[in-house]
Amino acid sequence: MTDNQDLQGDVAGLLLAAGGGRRLGGRPKALLPHRGRPLVEHAVGVLRAAGCGRIHVVLGAAADEVRDRARLDGCVLVDNPDWAAGMGSSLRAGLASLAGTGVRAALVSLVDQPGIGPAATARVLAARHDETSLVSAAYAGVRGHPVLFGAAHWAGIAETATGDRGARAYLKAHEREVRLVECGDVAEPYDIDTEADLSHLR
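None of these values were measured; they are calculated from a predicted model.

## Topic: the overall build of the protein chain
Part 1 of the argument: Counting its secondary structure elements, the protein chain contains seven helices and nine strands.
Part 2 of the argument: The buried share among the 202 residues of the protein chain stands at 51%.
Part 3 of the argument: Long-range contacts, defined here as pairs at least 24 residues apart, represent 69% of the contacts in the protein chain between residues at least 6 apart.
Part 4 of the argument: When the accessible area of the protein chain is evaluated, it comes to approximately 9300 Å², of which 49% is carbon and sulfur surface.
Part 5 of the argument: Here the protein chain carries 22 positive and 24 negative side-chain charges, and the mean point of each set is 2 Å from the other.

Laid out in structure tokens, this is it:
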């Protein structure tokens, strides 16, 4: 095993998949069909292909249905009863679920960005050094997802993650510490938010 693989072994993939798809007529994003399976399965597959051995998936809208329909074997499923409050609550729930696991960093991805695949995700993972790391994918120099948070930052992120802002405020406050990894050549950071966006799904 290489030193890089040793480092990756204590990084967990943290997939935020709780959204209710309000602008999609209330269709939970985790269950949107993509390549014949629920979108959440695709997102988990990306994290696995990028090198994440442990994956925690935060569920909210239609959580029971997601459990029934999606193949998420080997994942830790985390319920967020406050999912309607926004992405911040899911990020807090996900980070809390990693406490006591020995994981030293969380690689956070969003279920509704299927244009970001294993290549970009692996780049962000490989740029991590230790529990103080803050690493973000960038697209033409603009910060995007996925984002890696070393464990030293989790408490601060949880304190500031509110509404749909997630870790945005924390990252802005620690901008000089964030290592940007350009991924625009291997990924497209679009979101599946509206009916028009569904054209990106296959």
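## What to know about a positive patch on the surface
Part 1 of the argument: A cluster of like positive charges, contributed by R143, R165, R168 and K172, occupies part of the molecular surface.
Part 2 of the argument: With respect to the helices and strands, the residue R143 is situated in strand β8 (residues 142–150).
Part 3 of the argument: Taking the relative accessible area as the measure of exposure, R143 reaches 32% and is therefore partly exposed.

## Describing the nonpolar core
Part 1 of the argument: Ranked by size, the top nonpolar core spans 39 residues in total, and within it L15, A17, V40, V57, V66, L107 and L148 carry the most contacts.
Part 2 of the argument: Those elements that place two or more of their residues in this core are β1 (11–17), α2 (39–50), β4 (54–59), α3 (63–69), β6 (105–110), α5 (118–126) and β7 (134–139).
Part 3 of the argument: By residue number, the principal contributor to this core is α2, which donates five residues.
Part 4 of the argument: Beyond its immediate sequence surroundings of up to four residues, L148 is in contact with V11, A105, A106, L107, V124, L125, R128, S133, L134 and V135.

## Quick notes on the sheet that holds β8
Strand pairing in a sheet relies on backbone hydrogen bonds. The paired strands run either parallel or antiparallel.
Part 1 of the argument: The seven strands are arranged β5-β4-β1-β6-β8-β7-β9 in an open sheet whose pairing can be described as mixed. The open sheet has two free edges, formed respectively by β5 (76–79) and β9 (179–182), since each of these has just one partner strand. Between one strand axis and the next, the sheet turns through 25° on average, direction left out of account.
Part 2 of the argument: Direction of pairing for β1 relative to β4: parallel, over a ladder of six bridges. Of the residues in β4, the one forming a bridge with L16 is V58.
Part 3 of the argument: Each of β1, β4 and β6 touches α2; the most contacted strand, β1, lies at about 160° to it.
Part 4 of the argument: With respect to the sheet, helix α4 (residues 87–97) is in contact with β1, β4, β5, β6 and β8, its orientation differing from that of β1 by roughly 150°.

## Comments concerning the pattern of salt bridges
Note on pairing: side chains with opposite charge can pair once their charged atoms come close.
Part 1 of the argument: Per the counting criterion, the structure on display carries 12 salt bridges.
Part 2 of the argument: R71 is the salt-bridge partner of E41, the closest N and O atoms lying 3.9 Å from each other. Of the two residues, E41 is situated in helix α2 and R71 in the loop between α3 and β5; the sequence distance between them amounts to 30 residues.
Part 3 of the argument: Note on E41: relative accessible area 13%, which makes it buried.
Part 4 of the argument: Residues joined in a network through salt bridges with shared partners are D10, R104, R128 and E131.

What counts, and where the lines are drawn
- Sequence positions are assigned chain by chain, starting from 1 and proceeding in written order.
- Where local features are concerned, this predicted model is filtered to residues with pLDDT of at least 70; where side-chain atom pairs are given and counted, the filter is 80 or more; whole-chain, interface and lining totals use all residues.
- To obtain the side-chain values, all non-hydrogen atoms of the structure were used and water was disregarded.
- Secondary structure is summarised from DSSP: a helix means a run of H or I of at least four residues, a strand means a run of E of at least two, and numbering begins at the N terminus for each.
- Exposure categories follow from relative accessible area, calculated using a 1.4 Å probe and restricted to protein chains: below 20% of the type maximum is buried, above 50% is exposed, and the middle band is partly exposed.
- Note on definitions: a residue-residue contact is assigned when non-hydrogen atoms from the two residues lie within 4.5 Å.
- The Shrake-Rupley method, run with a 1.4 Å probe, gives the accessible areas here. Residue values count only the displayed protein chains as cover.
- His residues and chain termini do not enter the charge count, which takes Lys and Arg as positive and Asp and Glu as negative.
- For this purpose, a charge sits on NZ of Lys, CZ of Arg, CG of Asp or CD of Glu.
- Exposure above 30% relative accessible area and the absence of a salt bridge qualify a residue for a patch, where like charges join within 9 Å and nonpolar side chains (Val, Leu, Ile, Met, Phe, Trp, Tyr) within 5 Å.
- For this document, the term salt bridge refers to a Lys or Arg side-chain nitrogen within 4 Å of an Asp or Glu carboxyl oxygen.
- Put simply, buried Ala, Val, Leu, Ile, Met, Phe, Trp, Tyr and Cys residues joined by side-chain atoms within 4.5 Å make one nonpolar core.
- Pairing between strands is defined by DSSP: at least two bridges between them are needed.
- Note on geometry: axes are lines fitted to C-alpha atoms, helical ones only across the stretch in contact, with angles between N-to-C directions running from 0 to 180 degrees.

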